[in-house]
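Coordinate analysis (summary)
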Amino acid sequence: MTAWNDFNDAEQQQPSFDLIPKGTVARVRMTIKPGGFDDPAQGWTGGYATQSVETGSVYLACEFVVLEGEYARRKLWANVGLHSPKGPAWGQMGRSLIRAILNSARHVHPQDNSPQAAAARRIQGFHELDGIEFLARIDIEKDGRGDLKNVVKSAVEPDHPDYARLMGLPPKTSGSGQSGAPAAVTPPRAVPAAAVTPRPAVPGKPAWAQ
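No experiment lies behind these values; they were computed from the predicted model shown.

Secondary structure assignment for the protein chain yields three helices and seven strands. Each helix and strand of the protein chain, placed in order from N terminus to C terminus, yields the pattern β-β-β-β-β-α-α-β-β-α. Going through the 210 residues of the protein chain one by one, you find that 41% of them count as buried. Surface exposure of the protein chain reaches about 12500 Å², of which carbon and sulfur atoms provide 53%.

For Arg-73, which is not glycine, the phi dihedral falls at a positive 75°. By the element assignment, Arg-73 lies in the loop between β4 (58-66) and β5 (75-83). Among the residues examined, Arg-73 registers a relative accessible area of 61% and is labelled exposed.

Turning our eyes to something else, we now look at the pairing of strand β7 (residues 148-155). In the sheet, strand β6 (residues 133-142) pairs with β7 via seven bridges, with the strands oriented antiparallel. Across the sheet, residue Asp-139 finds its bridge partner in β7, namely Val-151. Hairpin remark: β6 followed by β7, antiparallel, with five residues in the connecting loop; positive phi at Gly-146, about 90°.

Time to look at the environment of Ile-32. Mapped onto the elements of the fold, Ile-32 is located in strand β1 (residues 25-33). For Ile-32, a relative accessible area of 5% puts it in the buried group. It is 8.6 Å that separates the C-alpha atoms of Ile-32 and Phe-126, two residues lying 94 residues apart in sequence.

Let us now look at helix α1 (residues 89-105). For α1, which comprises 17 residues, the first-to-last C-alpha distance of 24 Å matches the rise-based estimate of 24 Å (1.5 Å per residue) to within 8%. Those residues of α1 that sit buried are Gly-91, Gly-94, Leu-97, Ile-98, Ala-100, Ile-101, Leu-102, Asn-103, Ser-104 and Ala-105. Packing partners of the buried residues in α1 comprise β1, β5, α2 (115-120), β6, β7 and α3 (163-167). Downstream of α1 by a residue or two, His-107 has a phi angle that is positive, lying close to 60°.

Attention shifts here to the confidence of the model for the protein chain. On average, residues of the protein chain carry a pLDDT of 83, and 78% of them reach 70 or more. The spread of mean pLDDT over the elements of the protein chain runs between α3, the lowest at 90, and β4, the highest at 97. Predicted confidence is poor over residues 174-210, with pLDDT under 50, and the contacts of this stretch with residues over four places away or in other chains come to 77 contacts.

Any two side chains of opposite charge can pair, so long as their charged atoms come close to each other. This model, assessed by the stated rule, comprises nine salt bridges. Note that Glu-141 and Lys-153 form a salt bridge whose closest N and O atoms lie 2.9 Å from each other. Placement of the pair is Glu-141 in strand β6 and Lys-153 in strand β7, with a sequence separation of 12 residues. Residue Arg-165 is joined to Asp-162 by a salt bridge in which the shortest nitrogen-to-oxygen separation is 3.8 Å. Relative accessible area serves as the criterion here: at 58%, Arg-165 is assigned to the exposed category. Its relative accessible area of 31% is what places Asp-162 among the partly exposed residues. Each of the salt bridges in this network shares a partner with another, and the network as a whole consists of Arg-27, Arg-29, Glu-68 and Glu-133.

Calculation rules
- Residues numbered from 1 in each chain as written.
- Predicted model: local features only at pLDDT ≥ 70, side-chain atom pairs only at ≥ 80, totals over all residues.
- Heavy atoms only, no water.
- Helix = DSSP H or I, 4+ residues; strand = E, 2+ residues; numbered from the N terminus.
- Buried < 20%, exposed > 50% of the residue type's maximum accessible area, 1.4 Å probe, protein only.
- Areas by Shrake-Rupley, 256 points an atom, 1.4 Å probe, with all protein chains shown as cover.
- Pairing = 2+ DSSP bridges.
- Expected span 1.5 Å × (residues − 1).
- Contact = heavy atoms within 4.5 Å.
- pLDDT = per-residue confidence, 0-100.
- Salt bridge = Lys/Arg side-chain N within 4 Å of Asp/Glu carboxyl O.

Below, the structure is given as structure tokens:
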């Protein structure tokens, strides 16, 4: 047994990572860190949401793992806003991001307003976002200490010219309509490096997602 004061056989610390360049597009898997905050009147159930003690804001604390490519297995974090006491702007930004994530994950063109597309943009609960895979555009911002960090603030949707290639989809064929890909919910590809154990589904469609 190694003596407690002998550190020769300790693993070397991992090298620090440079920031992923701003604007990089990568396929990611999003998981939600449960915050235990529920508001059934808003459809926020299952303990997924988090409420800030300092501000009273409600959000989804999300982790994003890059699934492939040069930055595979790198992790990023961001909060997806649900509600702010200061006004509706933050919550609307969160809704816009979730809409784009669903479009990206479920191959729905942002301008597709067909019944199938509309159905693909609805969820029964936050459990459907926990483990979802989509194309993300990586950004850089300062953290609370003033240090730069990578974050995810937007999703790349099927109207992006490189969407099909980066998602591993067949190229768009003529006569396929404006969506460029079927407006159907497709299961994410399994990626062992970022496997997630899904939590139980929560019945009922939240009012905010209608």
